[in-house]
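# Remarks on the overall topology
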Amino acid sequence: MEEEQSPGAPPGAEGGGGHFLQDEEVKKEILTEEAAAGAEEEDEDEDALPHSEILDIFEEGLAQLVQDPLLCDLPIQVTLEEVNSQIALEYGQAMTVKVIKADGETMPIVVVQNATVLDLKKAIRRFMELKQQREGGVKHISWRYVWRTYHLIFQGEKLEDDTMRLKDYGIRNRDEVTFMKKLRKK
């Protein structure tokens, strides 16, 4: 017995549109699932935080991290380099050299154990650059001028040889080095 086809049904559809209706229901179900998936993606985008909020969360976490006794001496706007230096100090891989400026200010400079005079000079430069960024001070320092005009002195001896290790001058952890202006030769 041959089944009748309904007038709007595609060829091969049964009378009453059984397969056609099933196909339509499947299509509607697929579209509904796709719409739900699209809505979930929109929800994920809505749940994503703006960069500024992520940065705030990161800084709060970092502030909590520097509450640790090992890191408590570090500034709030700490750099990775400063954290690594503090950890190296804790493990005895680095030392602090206290550089005393002419105005009496003491700069705690962290260098590795086998650092040279040049390494100390670079660390002083980095310390001053970070200090300026945090305090908004002088924007540019001519370090060539600074090293032509000033000496680093340890126990009366000038640290003139940039390639010589600090240990060879007798400088150890927590020793003081003076940052002193050179005297002009007449």
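The structure reproduced in this document is the subject of the present report. Quick caveat: nothing in here was measured; it's all calculated off a predicted structure.

## Some thoughts on the overall build of the chain
A count of helical and extended segments in the chain gives five helices and five strands. Shown N-terminal to C-terminal, the secondary structure of the chain runs as helices and strands in the order α-α-α-β-β-α-α-β-β-β. For the chain, the proportion of its 186 residues judged to be buried stands at 25%. Total accessible area on the chain stands at roughly 13,900 Å², and carbon and sulfur atoms take up 51% of it.

## What about a nonpolar patch on the surface?
On the surface, Leu49, Ile54 and Ile57 cluster together to form a nonpolar patch covering roughly 270 Å² of accessible area. Assessed through its relative accessible area of 41%, leucine 49 is described here as partly exposed.

## Topic: the side chain of histidine 151
In this structure, histidine 151 sits in strand S3 (residues 150–154). Given the relative accessible area of 13%, histidine 151 is considered buried. Those residues in contact with histidine 151, other than ones at most four positions away along the chain, are Lys158, Glu160, Thr178, Phe179, Met180 and Lys182.

## Quick notes on helix H4 (residues 117–135)
Taking 1.5 Å as the rise per residue, H4 with 19 residues should run 27 Å; its terminal C-alpha atoms sit 27 Å apart, in good agreement. For H4, the complete set of buried residues consists of Val117, Leu120, Lys121, Ala123, Ile124, Met128, Leu130 and Gln132. The inward-facing, buried residues of H4 abut helix H3 (80–90), strand S1 (94–100), strand S2 (106–112), helix H5 (143–149) and S3. Trailing H4 by a residue or two, glycine 136 shows a phi angle of about 70 degrees, which is positive.

## What about the packing of aromatic side chains?
Here the structure, examined in full by the defined rule, presents three aromatic pairs. The interplanar angle of 10 degrees and the centroid separation of 5.1 Å between the aromatic rings of tyrosine 150 and phenylalanine 179 together place this pair among those described as stacked. Here tyrosine 150, found in strand S3, pairs with phenylalanine 179, found in strand S5 (residues 176–181); they are 29 residues apart in sequence, far enough to count as distant. Note on tyrosine 150: relative accessible area 25%, which makes it partly exposed. Each member of the aromatic cluster is reached from another via a ring pair, and the members are Trp143, Trp147, Tyr150 and Phe179.

## Re unusual backbone geometry
Of note, glutamine 155 is a non-glycine position whose phi angle comes to about 50 degrees, a positive value. A relative accessible area of 71% places glutamine 155 in the exposed class. Of note in this structure, arginine 174 is not a glycine but carries a positive phi near 70 degrees. By secondary structure assignment, the location of arginine 174 is in the loop between strand S4 (157–158) and S5.

## A short note on the nonpolar core
Grouped together as the largest cluster of nonpolar side chains are 23 residues, with contacts concentrated most on Leu120 and Ile124. Looking at this core, the elements that each hand over two or more residues are S1, S2, H4, H5, S3 and S5. Leucine 120 has contacts with Val97, Val99, Ile109, Val111, Leu152, Leu159 and Leu166, leaving out every residue within four places of it along the chain. Core analysis: the second largest hydrophobic core is formed by five residues, Leu62, Leu74, Val78 and Val83 among them.

Reading guide: rules and limits
Residues numbered from 1 in each chain as written. Predicted model: local features only at pLDDT ≥ 70, side-chain atom pairs only at ≥ 80, totals over all residues. Heavy atoms only, no water. Helix = DSSP H or I, 4+ residues; strand = E, 2+ residues; numbered from the N terminus. Buried < 20%, exposed > 50% of the residue type's maximum accessible area, 1.4 Å probe, protein only. Areas by Shrake-Rupley, 256 points an atom, 1.4 Å probe, with all protein chains shown as cover. Patch = residues over 30% accessible without salt bridge, like charges linked within 9 Å, V, L, I, M, F, W, Y side chains within 5 Å. Salt bridge = Lys/Arg side-chain N within 4 Å of Asp/Glu carboxyl O. Contact = heavy atoms within 4.5 Å. Expected span 1.5 Å × (residues − 1). Phe/Tyr/Trp six-rings, centres within 6.5 Å; stacked < 30°, edge-to-face > 60°. Core = buried A, V, L, I, M, F, W, Y, C linked by side-chain atoms within 4.5 Å.

As far as function goes, none of this settles anything; it's purely spatial.
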